[in-house]
Amino acid sequence: MARCPFGTQRTRRFIPWASIAIPGAGWLLFGLYPSLATIGYSFTRYSGLPGTPLNFCGLCNYSAAFTSLSSVVGDAVRVTLIYVVGATVLQTAAGLGLALLLNRPGRSYAVYRAVIFMPQIFSVAVVGAIFALMFDPYSGPVQKVVDGLFGVTSAFLGSSSLALPLVILVNVWMFSGYTMLIYIAGLRNIPPSVYEAAAMDGAGRLRVFRHVTWPLLAPATTVTVFLTAMGTLGEYALIMVLTGGNFGTKTLGLYMYQSAFGGDSQLGYGSMLAMLQFFLTVVIGGGLLFTLRRREISL
């Protein structure tokens, strides 16, 4: 029997099935099962502690979320939406501006792009520790600069009016490099002949960007806005490190984490919040894709 690169002709037919068996088993064990378990736990008063009963209660968690705890859940949803909108808009604008500035040949620009992308690879704990020290209201460098320029003091991450905007800015600083790379890829896919035709028509830089560059970047904008919005919808780690969810920064993702795994763990109630977050993600993600795809077609 003739030999094949990967076994004999008889055994080769089983290689594709064997190659997907382990990933498939991993998905069933670590993907599908936890998702189904979350749905089931959302109908219980399960604390999550080993040996405790499930205490099936039907829609009790959902009822509590929309009655006695409606103000807490509503405030978490409101903060989440502000966080998503702010981070998405600022990160998209920052990424586009950096892409337009650094989309040039040369090693120096490659170094600049690498430096700007570098925060993406930092862990959330490192980023949170850095900015917690920077915004320290007693000895942080930001406080010293503000005090020296304006003669005022601020609690920064301990201020109810500044904490959420500062967390949004830290998020933008951390992930705008990734957005920049997406826009650079989009810019490099634009044919040079389009710009040559615009130059022959006497179009200036502003008109070229408005009528040529920006419309042709529609696919990159769709990817950027969708990924940023979906990522920030479930964000909780950065907020937990910076503020612990205090001072008006508790998003739905952080509320879910604290409810399910906090000191007074209620895995059943946390699972219900996870289902609420999933519904919110589907609605917002579907709406964004529908709107942005229609924009691509119209352009």
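Residues numbered from 1 in each chain as written. Predicted model: local features only at pLDDT ≥ 70, side-chain atom pairs only at ≥ 80, totals over all residues. Heavy atoms only, no water.

A. Geometry of a nonpolar patch on the surface. Residues Trp-27, Leu-28, Leu-32, Leu-36 and Ile-39 make up a contiguous nonpolar surface patch of about 480 Å² in total accessible area. Looking at the secondary structure, you find Leu-28 in helix α2 (residues 15-41). Taking the relative accessible area as the measure of exposure, Leu-28 reaches 46% and is therefore partly exposed. (Patch = residues over 30% accessible without salt bridge, like charges linked within 9 Å, V, L, I, M, F, W, Y side chains within 5 Å. Areas by Shrake-Rupley, 256 points an atom, 1.4 Å probe, with all protein chains shown as cover. Salt bridge = Lys/Arg side-chain N within 4 Å of Asp/Glu carboxyl O. Helix = DSSP H or I, 4+ residues; strand = E, 2+ residues; numbered from the N terminus. Buried < 20%, exposed > 50% of the residue type's maximum accessible area, 1.4 Å probe, protein only.)

B. Geometry of the packing of helix α5 (residues 107-117) against helix α8 (residues 163-188). For the pair α5 and α8, interaxial distance at closest approach is 8 Å and the crossing angle is 140°. Between α5 and α8, the angle falls in the class oblique. Relative to α8, α5 is oriented so that their crossing is left-handed. Contacts from Arg-113, Ile-116 and Phe-117 of α5 reach α8 at Gly-177, Tyr-178, Met-180, Leu-181, Ile-184 and Arg-188. Looking at side-chain class alone, the contact of α5 with α8 contains six nonpolar, one polar and two charged residues. (Axes fitted to C-alpha atoms, helices over the stretch in contact; angles between N-to-C directions. Parallel < 35°, antiparallel > 145°, perpendicular 65-115°, else oblique. Left-handed = near helix turned anticlockwise from the far one by under 90°. Contact = heavy atoms within 4.5 Å. Nonpolar A, V, L, I, M, F, W, Y, C, P; charged D, E, K, R; others polar.)

C. Main features of the environment of Ile-239. With respect to the helices and strands, the residue Ile-239 is situated in helix α12 (residues 237-242). As for Ile-239 and Ala-197, which are separated by 42 residues in sequence, their C-alpha atoms are 48 Å apart. Ignoring any residue separated from it by four or fewer positions in sequence, one finds Ile-239 in contact with Tyr-83, Val-167, Gly-244, Gly-245, Thr-249, Thr-251 and Leu-254.

D. Summary view of unusual backbone geometry. Even without being glycine, Asn-55 reaches a positive phi, approximately 55°. If you trace the backbone, Asn-55 turns up in the loop between α2 and α3 (60-65). When its relative accessible area of 42% is taken as the criterion, Asn-55 is described as partly exposed. Despite not being glycine, Phe-247 shows a phi value in the positive range, around 60°. Along the chain, the position of Phe-247 falls in the loop between α12 and α13 (252-261). Judged by relative accessible area, which is 37%, Phe-247 ranks as partly exposed.

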